[in-house]
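If you want the building blocks of each chain, they are given just below.
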Amino acid sequence: MLSLARRPLSAAAMPAGDLLGIHLFQCPDAVGIVAKLSECIASRGGNIHSVDVFVPDDKPVFYSRSEFTYNPRLWPRDELHNDFLNLSRCFSAQRSAVRIPDLDPKHKISVLASKQDHCLFDLLYRWQEGRLPVDINGVISNHDRPQDNHVRRFLQRHGIPYHYLPTTSGNKREQEILELVQGTDFVVLARYMQVLSESFLKAYSKDIINIHHGLLPSFKGGHPSRQAFNAGVKLIGATSHFVTPELDAGPIIEQMVERVSHRDTLQSFVVKSENLEKQCLAEAIKSYCELRVLPYELKKTVVF
């Protein structure tokens, strides 16, 4: 992987009037891609601030993520998109995306959750603090929360709808969920304890990000933390990944681990596990929104 990086861009580091631009690219490998990309940006008065490039040893595929300074007065948005579209056509790109975070709308998401609140409320808190570049258009749950529940109070205070859709083994309410998530850019499963069917995934046709603890597959069923604690495990973790028809086996976006020891109680063990899940899910969402994630092979990802 080639990485030509300077300090992270900030408003103070950029000339007056310049904004941050991000470009994500995937195409068959060829000579001159970085040169053409640089020429495209420089010809419009932009300046590449960092570029990460990955070309696998065994496959002629080119992946890149670039950050550049962007001045809308020198490079109108329609011309920006046309320029990158022409670059895509030139190299027969499979994927090409460009964002100007300060100008583009935030990603619209829906969050699905079950009984556990820790991941859901952490996402809501990070959203409130402006630490996640998303707009939440609704929370969908198969678990009913009373009106005075802290999650319900938060949602009411911020005008975010809460949809209670109880599920059974014979009715997962997928058609209703599908209607509620229409218009979103992606969906987040914040400890949603239901398996989404292949037909649902095809009908939605956009990305869905999930989180699960790192105690699988050894500790399945009820109370996995208690099982792992009683087994004396020394390393716990969390995995955030894209949802596929195969349970918890989609391409991995982010993973985190932490050591536990004989000094941990069951309570501290559970707290550490839940904290990992919260951090891992939030980091995966942030990476996705910042155009850092690309599919790689069948079950892998490139995360810049």
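Residues numbered from 1 in each chain as written. Predicted model: local features only at pLDDT ≥ 70, side-chain atom pairs only at ≥ 80, totals over all residues. Heavy atoms only, no water.

In the nomenclature of an unreviewed UniProt entry, the protein chain is known as Formyl transferase N-terminal domain-containing protein of Urochloa decumbens.

We now examine helix H7 (residues 224–231). Within H7, the full set of buried residues consists of Pro 224, Ser 225 and Ala 228. Within H7, the buried residues cover an arc of 100° as seen down the axis, which keeps them to one side. The inward-facing, buried residues of H7 contact strand E10 (208–213) and helix H8 (266–289). (Buried < 20%, exposed > 50% of the residue type's maximum accessible area, 1.4 Å probe, protein only. Helix = DSSP H or I, 4+ residues; strand = E, 2+ residues; numbered from the N terminus. Arc of directions from axis to C-beta. Contact = heavy atoms within 4.5 Å.)

Moving on to the packing of H7 against H8. Where H7 contacts H8, the two axes come as close as 10 Å, and the packing angle between them is 120°. In terms of their interaxial angle, H7 and H8 are classed as oblique. The crossing of H7 and H8 is right-handed. Packed against H7, whose contacting residues are Ser 225, Arg 226, Ala 228 and Phe 229, the element H8 presents Leu 266, Phe 269, Val 270 and Ser 273 at the interface. Of the residues in the contact of H7 with H8, the class split is five nonpolar, two polar and one charged. (Axes fitted to C-alpha atoms, helices over the stretch in contact; angles between N-to-C directions. Parallel < 35°, antiparallel > 145°, perpendicular 65-115°, else oblique. Left-handed = near helix turned anticlockwise from the far one by under 90°. Nonpolar A, V, L, I, M, F, W, Y, C, P; charged D, E, K, R; others polar.)

It is worth spelling out the pairing of strand E13 (residues 293–296) at this point. When E13 meets strand E14 (residues 300–303), the two strands line up antiparallel, connected through four bridges. Note that in E14 the partner of Tyr 296 across the bridge is Lys 300. If you look at the hairpin formed by E13 and E14, you'll find three residues sitting between the two strands, and Glu 297 has a positive phi there, around 60°. (Pairing = 2+ DSSP bridges.)

Before going further, it helps to spend a moment on the environment of His 213. Within the fold, His 213 resides in strand E10. Accessibility expressed as a relative area gives 7% for His 213, which makes it buried. Between the alpha carbons of His 213 and Glu 246 there is a distance of 16 Å; along the sequence they are 33 residues apart. Aside from chain neighbours lying at most four places away, what touches His 213 is Arg 191, Phe 219, Pro 224, Gly 237, Ala 238, Ser 273 and Glu 277.

Attention now moves to the pattern of salt bridges. Tallying each qualifying case throughout the model produces 17 salt bridges. Several salt bridges share partner residues, and in doing so they unite Arg 65, Glu 67, Lys 286, Glu 290 and Arg 292 into one network. (Salt bridge = Lys/Arg side-chain N within 4 Å of Asp/Glu carboxyl O.)

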